[in-house]
Amino acid sequence: MRELSFEGTTVRFGTGRSALTAVDGVDLTVPAGSVVGLVGESGSGKSTLAKAAVGLVPTAGGEIRLDCAPLRTRRDRRKLQLVFQDPHASLDPRMTIGESIAEAVPVRRRRAARTAEVARLLELVGLNPARARSLPSGLSGGQRQRVALARALAAEPEVVLADEITSALDVSVQGSVLNLVRDLQRRLGLTMLFISHDLSVVRYVSDVIAVMYLGRIVEAGPADAVLSAPRHPYTRTLLDAAPAFGVALDDPVPADDPRLDAEAPSPHDPPLGCRFHRRCPIGPLTRPERTICAETDPQPGAADRPHRAACHFAAEILEVPGR
Amino acid sequence: MTAPVAAPPAPTRTRVPAWAGNPWAGFLLRRLGRLLVSLAVLVTLAFGMIHLIPGDPVRAALGVTAPPDLVDARREALGLNDPLGVQFVDYVRSLFSGDLGVSMTSGVPVSETIGQRLPATASLAVAAFVVVMLAAIPLGLAMAVLTRGGRRRSTELGFTSTSAVVTAIPEFLLAVGLVFVFGVTLGWFPVAGRSDAASYVLPVVALALGPALLMARIVRVEALAVMDEDFVRTARAKRLPPLRVYLRHVFPNALTSTLTIGGLLLSGMIVGTVLVENVFAWPGMGMTIVSSILAKDYPVVQGIVLVYGAAVLLMNLVVDVLLAVADPRSTIREG
Amino acid sequence: MGREQWQAALRNPVGAVAAGLLVVLAILAVVAPIVWGDAAEETDPAALSQGSTSEHVLGTDTLGRDILLRVLVATRYSLGLALLATAICVVAGVILGVLPAVLGRRAGRLVTAAVNLAVAFPGLLLALFFAVIFGVGARGAVLAIGLAGAPSFARLVQTNVAAVAGRDYVAAARVAGVGRFRLIARHLLPNIGEPLVVNATVMAGTALLSFAGLSFLGLGVQPPAYDWGRLLGEGLDRIYINPAAALAPGVAVIVAGLAFTLLGESIAQVVGVRAVRRRTVPEPAPQEAAVAEAEPDAVLAADDLRVAFPAPGGGWTHPVDGVRLTVRRGETVGIVGESGSGKSLTALAVAQLAPDAAHVTAQRLEVAGVAPLGRTGAEVRELLGTKVAMVFQDPMTSFNPSMRVGRQLAEVTRVHERQGRRAALARAVDRLRTVRVPAPERRAHQYPHEFSGGMRQRAMIAMGLMSTPELIIADEPTTALDVTVQRQVLRLLKDVQADTGAAVVLISHDIAVVAQLCERVVVMYAGRVVEEVPVERLGQAAHPYTRALLASVPDLATDRDRPLATIAGRPPDPADRPEGCAFAPRCEFADDACRVRPGLAAVAPDQRAACWHPRSQPLNLALDAVTGGQA
């Protein structure tokens, strides 16, 4: 297993008025043998980052490296494997699951070896190897997601990228897939980028948590540190918003506070200065003297701040009450 | 974590031209651009047609018995002895001055022939289109309302199978059938020629019946699809009267595809006139193009192909503009 | 396309007739020229241009040849030329259609643009164009019709390829390192096969008709050869003398064309299978328990509510199977369940918004003091009016895209309170302000697509507030929204509830969301209520399913060092539910008693569970590493 790193990775879609910078100069490292959880809202660019890594969308700038060696060719990129969100869409309905997995096994293997490998992989993800001949339509969502994981592992990847792999599953099935991910990661020492919109899910599997907002990483650090002492107010907002038992809906913010109802800005037209300043609970919305937020982009100095936070006021620790 | 990157973040907004500020201007400009490209291709193809014919088109037109010097003189007159590039420039230049060349057989200017024949064809196509729209939209909507949610299976089956069968019958066969029933057997309507209003009945029906039923089927399917949409459920949750739900919420949203198909049908009908005109001896462009192809009178064919093609392209432009007007999202999505 | 699907296409009466016709035509095409070929050429100077006689049933042509025999013999030529043209069309179309996927981005775009341009021109115009180039005659006509059909076939292939190429499994294959050509051979072509077969069949019909058209115009088959179109053209000149001479070949063309077209369409229908719906009434379910006393202040009271749908194989399925639900005035109740538990359908049935095909029954159903079952649609509209407000899951699709938001809100007041346009719009703006939509005057004049998801959900709530609702039913109102927006919308619902005093039913798959807003939680599984519990007693949930649900979802306090609790198996399909307790196959406490369906029974004050083995130990929600409530 090797280390995956994004350096200044940028992805753009469209031209002219509909142009959109989905990923904007992202620096992120997934250390060998660890799980980095990437969390963010829809439209934050987290899935696009994963697709850029495996070459499904072209990058407009920056470099993606595997142990310092930039990924250029399709062969290079095979060392990264992506598991998709929707297991009903990610398996060819006309191929048996055995064929789907075998297709990803590197071609140098002989036929018999490939069959054996498929059986081994199915067993690894907790499915009966005899099911290699079934079609995806005969499997439940959870089982299909296991097949998708097996297919990713079949390619002998250096890094596995998991893109919202539990969001399309039933609540009662999610848990078992998360357990499998954690179990596989520990047994095989997988290097993994685990993407989800759900902070609780990311928290459960990750060693490092990175938070993405409007195409940028706004905070990244060890999971416990990010969760217990977030340095970016957006992370804090996410923590507050996560539904949890025993935490009332009413927080100390008065009901007429404008930021409660702030709308997320369009990624087509991100705000100048700090991208979060129009929704920020510690920004110019509540503290008019903090004009710097609306004027100066906090991204450049991020590496020197705690948790590499893209916030001018990252030095202030944002206590999370009750946790 | 990686080392800091010195490069400043990439600019996220690219400069766009000033007209882009107005989505309508941008849309119309783009769409006109597309029309011009299409027209250019059409003109090139019409020009190329005569050169793609194997052998000597003039020899073919005048017949094997024609004296060689006559063929040569005709070639010279048509400019076929010039280099290809020069011919093309000449062709385009004369097009701009409204000159479509001269018929090889009659010597009459092609533009004059088209000027005589175009009104007959256009009036036939427009009349048929109006009939299609007036008949198809109410019929399709009514069928959708009657058969929604699997109600009245027999009505649905009757409508879908009748329309499938009638739609599959091409207009010229329908025309023959109509001639036999209403012209020959019953003698109600004239079977050939263009004179009074009665002479329009059979050609228009022959041309409009299939497209009208096809269109009604499409309106029905689209309206049924819209009825399954969430916002129709919202309208029902508002406890609105059914008529209001259908007219305000269902129909406007089924309009987009209806318009798209309507445009395709009209361009199909413009050309469908060729066959119908030949059944009814209708003095339009369709009769002319067929006799010209048979007589190998290439300049006339060229001219008429150009007119048909340009009509179709204009039709598409009109439909696209109407679509943009009807759908508030389209100008934003376009691009 | 599987063998069963072909068989299903043939079982369809239309498909069977079409296939039968094609077989007859094929036999004729082989046999007719051998048997009658010479007789059809025989001229009879004694019988020129005759009508129907005993010797010549359909009469004769100008040279005295028998029309019937000529029509029969022409089958081979007509079909053969049409199939040849179809083959050209399909081959050229597939090549043009797949090229963009094979070529690079730029060259691919060029091909697509060329095809798009060509498609704009009707096939007949292209056919005439090609007929000029290839010359008048059968060969020219075959080429002309084949090539004229190619662009639209190519467009079809391109559309299908693009749809399949956008699927995740193609992306997955690319990520797994599958090469471009293998990708086309293994993933693209097999998955677009069905529509192509269907369309090639329809195309054959079109080619046949077009060919007849060209021959009829004199541009196709040239004498002495003849096909149906040629015969038709010759016959039309003498339609007053012998109508059969024109009608017979016309009928032949139509029959053959229809056979192809209808076979294609019936295959298409089988491919996109539609359930056969019958509008009979399902058998009444056995009455289970006596109807409980109605609570006097209930705004919603449902007893033994059932929603049935006709099953594809006959019979009925019951996605909602005997639900009992009471909501008191001003109460906030959450309904929790997985997809397929019937929770949304319950809400729709209560609001009289169930889909048309659904059959709703209940021992008792009262909504805002109205018993809607058995009344006509007009009565329900009149009685319920604006008493029940709905908030749907997907704010993106729940607004009419072609109508301004303000007008969609104002419509409620205009219809139900007969207010003028201006007054209604002013009220809409006021309501938008109430739900804290910024700049409501401007927003009211915008279209839904100009709103973000959260704002649309606010506007949806505002729509319910155009009048004073007694009950607000919110069906997964935050599922399509981001977490931060979810919180805003939940708070708004809470504020609205406090301001208006309306009862709120919140439906969600997320028990944590429900717990935040509601006083009482109703847990549904497989179409039934399995537990009703006040939110503060969730820690003492009694039903093993509720307990497992609580334990298997990680939250921010889950112990990361222990595996999550899991529930084995998956929820049963509504058509195939186990007898007795539907959860029994997944339940670790299940025994023989569970073969009988348990009813809701009180396990504590205000808490009821449908379980033979209710749990009584408290559940430590912070410590999730328990399986199904063993703690």
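Residues numbered from 1 in each chain as written. Chains lettered and ligands numbered in written order. Predicted model: local features only at pLDDT ≥ 70, side-chain atom pairs only at ≥ 80, totals over all residues. Heavy atoms only, no water.

Per an unreviewed UniProt entry, chain C goes by the name Dipeptide/oligopeptide/nickel ABC transporter permease/ATP-binding protein and belongs to Jiangella aurantiaca.

Per an unreviewed UniProt entry, chain A carries the name ABC transporter ATP-binding protein and comes from Jiangella aurantiaca. The UniProt entry for chain A carries the following text under Sequence similarities (unreviewed entry): "Belongs to the ABC transporter superfamily." (UniProt positions renumbered as here; feature names shortened; annotations may be inferred.)

Novice: Please explain the packing of aromatic side chains as it appears in this structure.
Specialist: Think of a pair of aromatic rings as described by two things: how far the centres are apart, and how the planes are tilted against each other in angle. All names here are of chain A. In total, this model carries 14 aromatic pairs over all chains according to the counting rule given. The interplanar angle of 85° and the centroid separation of 5.2 Å between the aromatic rings of Y213 and F276 together place this pair among those described as edge-to-face. Taken together, the residues Y213 in strand β9 (residues 208-213) and F276 in the loop between α9 (233-241) and α10 (292-295) connect sequence positions 63 residues apart. Within the aromatic cluster, the residues linked to one another by ring pairs are Y213, Y234 and F276. Over the ring of F313 we find R290, and its NZ or CZ is 3.7 Å from the ring centre. (Phe/Tyr/Trp six-rings, centres within 6.5 Å; stacked < 30°, edge-to-face > 60°. Helix = DSSP H or I, 4+ residues; strand = E, 2+ residues; numbered from the N terminus. Lys NZ or Arg CZ within 6 Å of the ring centre and 35° of its normal.)

Novice: Is there a simple way to think about the pairing of strand β9 (residues 520-525) of chain C in this case?
Specialist: Across a regular strand the side chains alternate sides, sitting on one face of the sheet and then on the other. Residue and element names in this part refer to chain C. Across the six residues that make up β9, a large majority, six, are buried. A two-sided burial pattern is seen for β9, the buried positions comprising R520, V522 and M524 on one face and V521, V523 and Y525 on the other. Direction of pairing for strand β3 (residues 332-336) relative to β9: parallel, over a ladder of four bridges. The residue of β9 that forms the bridge with G334 is V521. Taken together, the six bridges between β9 and strand β10 (residues 528-534) define a ladder with antiparallel strand orientation. Residue pairing for β10: V522 is matched across the bridge by E532. Adjacent in sequence and paired antiparallel, β9 and β10 are bridged by two residues, among which A526 carries a positive phi angle near 50°. (Buried < 20%, exposed > 50% of the residue type's maximum accessible area, 1.4 Å probe, protein only. Pairing = 2+ DSSP bridges.)

Novice: Is there a simple way to think about the interface of chain C and chain B in this case?
Specialist: By a widespread convention, an interface's size corresponds to the accessible area lost as its parts come together. Residue-level contacts link 66 residues of chain C with 65 residues of chain B. In total, chain C and chain B occlude about 6100 Å² of area from one another, counting both sides; carbon and sulfur atoms represent 71% of this. Of the charged contacts in the structure, one is a salt bridge between R244(B) and E411(C), with a shortest N-O distance of 3.0 Å. Inspection of the region where chain C meets chain B yields 15 residue pairs in polar contact (both at pLDDT 80 or more). Secondary-structure elements contributing two or more residues to the side of chain C that touches chain B are α5 (123-134), α8 (180-217), α9 (228-236), α10 (243-271), α12 (377-384), β6 (388-391), α13 (405-416) and α16 (453-464) of chain C. Ranked by residue count, the leading element in the side of chain C that touches chain B is α10(C), at 10 residues. In the side of chain C that touches chain B, the residues fall into 44 nonpolar, 13 polar and nine charged. (Contact = heavy atoms within 4.5 Å. Buried area = accessible area lost by both parts, 1.4 Å probe. Salt bridge = Lys/Arg side-chain N within 4 Å of Asp/Glu carboxyl O. Polar contact = N/O pair within 3.5 Å; in protein donor to acceptor, adjacent residues only side chain to side chain. Nonpolar A, V, L, I, M, F, W, Y, C, P; charged D, E, K, R; others polar.)

Novice: Is there a simple way to think about the packing of helix α5 (residues 110-146) of chain B against helix α11 (residues 285-294) of chain B in this case?
Specialist: For any two helices packed against each other, one specifies the crossing angle of their axes together with the interaxial distance. All names here are of chain B. Interaxial distance between α5 and α11 falls to 8 Å at its minimum, and their mutual angle equals 130°. Comparing the axis directions of α5 and α11 gives the class oblique. Between α5 and α11, the residues in contact are T113, I114, R117, L118 and T121 and M285, G286, M287 and T288, respectively. A breakdown of the residues in the contact of α5 with α11 according to their chemical character gives four nonpolar, four polar and one charged. (Axes fitted to C-alpha atoms, helices over the stretch in contact; angles between N-to-C directions. Parallel < 35°, antiparallel > 145°, perpendicular 65-115°, else oblique.)

Novice: How do you make sense of α16(C) when you look at a structure like this?
Specialist: For an α-helix, 3.6 residues make a turn, and residues three or four places apart therefore share a direction. Compared with an ideal rise of 1.5 Å per residue, which puts 12 residues at 16 Å, α16(C) spans 17 Å between its outermost C-alpha atoms and is within 8% of the ideal. Counted residue by residue, α16(C) has 12 buried out of 12 residues, so it is predominantly covered. Listing the buried residues of α16(C) in full gives G453(C), G454(C), M455(C), R456(C), Q457(C), R458(C), A459(C), M460(C), I461(C), A462(C), M463(C) and G464(C). Residues of α16(C) that are buried sit in contact with α9 (230-237) of chain B together with β6, α13, α14 (421-434), α15 (440-444) and α17 (483-500) of chain C. (Expected span 1.5 Å × (residues − 1).)

Novice: Please clarify how the environment of T105(B) should be interpreted in this entry.
Specialist: Considering the arrangement of structural elements, one finds T105(B) in the loop between α4 (84-96) and α5. Here T105(B) is in contact with A295(B) and D297(B), once residues within four sequence places are set aside.

Novice: How do you make sense of the pairing of strand β3 (residues 35-39) of chain A when you look at a structure like this?
Specialist: All names here are of chain A. Within β3, five of the five residues are buried, leaving the element largely enclosed by the surrounding structure. Judged by which residues are buried, β3 turns out to be covered on both faces: V35, G37 and V39 on one side and V36 and L38 on the other are all buried. For β3 and strand β8 (residues 191-196), the ladder comprises five bridges, and the chain directions are parallel. Residue pairing for β8: V36 is matched across the bridge by L193. Alignment of β3 against β9, held across four bridges, turns out to be parallel. Bridge assignment links G37 to a residue of β9, and that residue is I209.

Novice: Where do I start with a positive patch on the surface in this structure?
Specialist: Judged by side-chain charge, R74(A), R105(C), R106(C), R109(C), R174(C) and R180(C) come together as a positively charged surface patch. Of all the elements, helix α4 (residues 105-119) of chain C adds the most residues to the positive patch, at three residues. Tracing the backbone through its elements, the reader meets R180(C) in helix α8. Taking relative accessible area as the criterion, R180(C) reaches 48% and is therefore assigned partly exposed. (Patch = residues over 30% accessible without salt bridge, like charges linked within 9 Å, V, L, I, M, F, W, Y side chains within 5 Å. Areas by Shrake-Rupley, 256 points an atom, 1.4 Å probe, with all protein chains shown as cover. Lys, Arg positive; Asp, Glu negative; His and termini not counted. Charge placed at Lys NZ, Arg CZ, Asp CG, Glu CD.)

Novice: What is the right way to read the environment of V370(C) from this model?
Specialist: When you line up the elements, V370(C) lands in the loop between β5 (364-367) and α12. Taking the C-alpha atoms as reference, V370(C) lies 78 Å from W36(C); in sequence the two are 334 residues apart.

Novice: Explanation requested: the nonpolar core in the structure shown.
Specialist: General note: in soluble globular proteins, nonpolar side chains tend to be found buried as a group. By size, the foremost hydrophobic cluster in this structure holds 142 residues, and its most contacted members are V279(B), I289(B) and W228(C). Ignoring any residue separated from it by four or fewer positions in sequence, one finds V279(B) in contact with F172(B), A175(B), V176(B), V179(B), V191(B), F216(C) and L236(C). Within the second largest apolar cluster, 102 residues are counted, among which are V435(C), M463(C), L492(C) and L538(C). (Core = buried A, V, L, I, M, F, W, Y, C linked by side-chain atoms within 4.5 Å.)

Novice: Just checking my understanding: could you explain the domain arrangement of chain C for this structure?
Specialist: On domain assignment, one finds that chain C holds domain 1 (3-270), domain 2 (297-387 + 469-631) and domain 3 (396-467). The gap between the C-alpha centroids of domain 1 of chain C and domain 2 of chain C is 56 Å. (Domains from an automatic or database assignment.)

Novice: Before we go on, may I ask you to explain the domain arrangement of chain A in this structure?
Specialist: Residue and element names in this part refer to chain A. Per the domain assignment, the segments of chain A are domain 1 (4-213) and domain 2 (229-308). Computed over C-alpha atoms, the centres of domain 1 and domain 2 are 30 Å apart. Taken together, the contact pairs 13 residues of domain 1 with 11 residues of domain 2. When domain 1 packs against domain 2, the two sides together hide about 1200 Å² of surface, and 56% of this comes from carbon and sulfur. Where domain 1 packs against domain 2, one counts two salt bridges. The shortest N-O distance in the salt bridge between R275 and D24 comes to 2.7 Å. Taken together, the links from domain 1 to domain 2 amount to three residue pairs in polar contact (both at pLDDT 80 or more). Counting residues per element, the ones that place at least two in the side of domain 1 that touches domain 2 are β2 (20-30) and β9.

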